[in-house]
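Fold and contact review
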Amino acid sequence: MSILISSANATTRKRWTQILQDEHKLLIVSDILELKNVIQQNTIELILLHRSMADMGFISELTAARIFVLSDIPNDNEAFTLLRHGVVGFANTYISAARLKEAVNTILTGRVWVGQKLMQKIIRGAHPAIDEKITKTIPEHNLSDREEEVALLVSQGKSNIEIAVELNISERTVKAHISSIFKKTKTESRLQLALYIKTMI
């Protein structure tokens, strides 16, 4: 299977290609007609789509593969709308090479990629009932007291650094707790964990 790079901008196509070509099989298109033809003739695992190339209607009709939209001027409201239309990733067109590789690999494992700040907004917006003073416990999955504290703070949209400061532990320890929590709750992302906690408390 292939990753399809889609942009009308030659510089953008070249940059994304240079970043990803060593790790992935790439197909490259520069207009919508070409994009449609390639999708019909190939099995596409992921589409990197330059936002300026397609309108929302076209994006919502793309069901042949996962879609990662990159925008020259990223906007949270636009990101929310795109995610509701089934997009699995959203980032700045000029995302760093390292972050682009990380984003693509994350999406290919079945997860969603958005920036940390946007993820916090999504979690907080989806779960207004999760209050900072919640003291209820999370049942069934044998989380330690500390893991429960970390999980509840994650569900409030707090970053690893914020959790570390609040609990007076290192960021490395927070990451270790979150990895353990994911395993015990069978979740794979902060958003999934927040959704899980919301249904359990």
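The structure under discussion appears in the preceding block.
Everything in this summary refers to the structure shown in the same document. These numbers were taken from a predicted model, which means no experiment stands behind them.

1. Considerations on the sheet that holds strand 1 (residues 2–6)
Taken together, the 5 strands give an open sheet; going across it, the order is 2-1-3-4-5, and neighbouring strands pair in parallel fashion. Two strands close off the open sheet at either side, each with one partner strand: strand 2 (26–29) and strand 5 (89–92). Within this sheet the neighbouring strands show an average axis-to-axis angle of 20°, counted without direction.

2. Focus: the packing of helix 7 (residues 145–155) against helix 9 (residues 171–185)
In helix packing, the relevant descriptors are the interaxial angle and the interaxial distance, both defined with respect to the helix axes. Here helix 7 crosses helix 9 at 90°, and the two axes come no closer than 10 Å. As far as their axial angle goes, helix 9 and helix 7 are roughly perpendicular. Contact residues: helix 7 offers Arg146, Glu147, Val150, Ala151 and Val154, while helix 9 offers His177, Ile178, Ser180, Ile181 and Lys184. Here the residues of the contact of helix 7 with helix 9 are counted per class, giving 5 nonpolar, 2 polar and 3 charged.

3. Let's talk about helix 4 (residues 76–84)
Among all positions in helix 4, only Glu78, Ala79 and Leu82 are buried. Along the long axis of helix 4, the arc covered by the buried residues comes to 100°, so they all point the same way. Facing away from the buried side of helix 4 by over 90 degrees, the exposed positions are Asn77 and Arg84. With a side-chain oxygen positioned 2.8 Å from the backbone nitrogen of Asn77, the residue opening helix 4 is Asn75. Directly beyond the C-terminal end of helix 4, a positive phi value near 100° is found at Gly86.

4. Side note on helix 5 (residues 97–108)
In a regular helix each residue adds 1.5 Å, so 12 residues correspond to 16 Å; helix 5 covers 17 Å between its end C-alpha atoms and thus fits that length. Those residues of helix 5 lying buried are Leu100, Ala103, Val104, Thr106, Ile107 and Leu108. Packed against the buried residues of helix 5 are strand 1, helix 1 (10–20), strand 3 (44–50), strand 4 (66–71) and strand 5. Phi turns positive one or two residues past the end of helix 5, at Gly110, with a value near 100°.

5. Re the nonpolar core
Of all hydrophobic cores here, the largest spans 23 residues; its most connected members are Leu4, Leu35, Ile47, Leu49 and Ile59. Beyond its immediate sequence surroundings of up to four residues, Ile47 is in contact with Leu4, Ser6, Leu35, Ile39, Leu62, Ala65, Arg66, Ile67 and Phe68. Counting residues in each nonpolar core, the second largest holds 19 residues, with Ile19, Val88, Val104 and Leu108 among its members.

6. A short note on the side chain of Arg13
You can see Arg13 is positioned in helix 1. Among buried Asp, Glu, Lys and Arg side chains, Arg13 stands out as unpaired, with Glu34 the closest opposite charge at 7.2 Å. Polar side-chain contacts of Arg13 include one of 3.4 Å to the backbone oxygen of Ala8.

7. Here we look at the packing of helix 8 (residues 160–167) against helix 9
One way to put it is that helix 8 packs onto helix 9 with a least axis distance of 8 Å and a crossing angle of 110°. Considered as vectors, helix 8 and helix 9 are oriented roughly perpendicular to each other. The segment helix 8 lies against helix 9, with Asn160, Ile161, Ile163 and Ala164 engaging Glu171, Val174, Lys175 and Ile178. In terms of residue class, the contact of helix 8 with helix 9 is built from 5 nonpolar, 1 polar and 2 charged.

8. Considering the environment of Ser60
Tracing the backbone shows Ser60 in helix 3 (residues 56–61). Since its relative accessible area comes to 30%, Ser60 is described here as partly exposed. Residues Ser60 and Gly86 lie 26 residues apart in sequence; the distance between their C-alpha atoms is 7.0 Å.

Calculation criteria
- Residues numbered from 1 in each chain as written.
- Predicted model: local features only at pLDDT ≥ 70, side-chain atom pairs only at ≥ 80, totals over all residues.
- Heavy atoms only, no water.
- Pairing = 2+ DSSP bridges.
- Helix = DSSP H or I, 4+ residues; strand = E, 2+ residues; numbered from the N terminus.
- Axes fitted to C-alpha atoms, helices over the stretch in contact; angles between N-to-C directions.
- Parallel < 35°, antiparallel > 145°, perpendicular 65-115°, else oblique.
- Contact = heavy atoms within 4.5 Å.
- Nonpolar A, V, L, I, M, F, W, Y, C, P; charged D, E, K, R; others polar.
- Buried < 20%, exposed > 50% of the residue type's maximum accessible area, 1.4 Å probe, protein only.
- Arc of directions from axis to C-beta.
- Polar contact = N/O pair within 3.5 Å; in protein donor to acceptor, adjacent residues only side chain to side chain.
- Expected span 1.5 Å × (residues − 1).
- Core = buried A, V, L, I, M, F, W, Y, C linked by side-chain atoms within 4.5 Å.
- Lys, Arg positive; Asp, Glu negative; His and termini not counted.
- Salt bridge = Lys/Arg side-chain N within 4 Å of Asp/Glu carboxyl O.

Take it as geometry only, folks, not as evidence of what the structure does.
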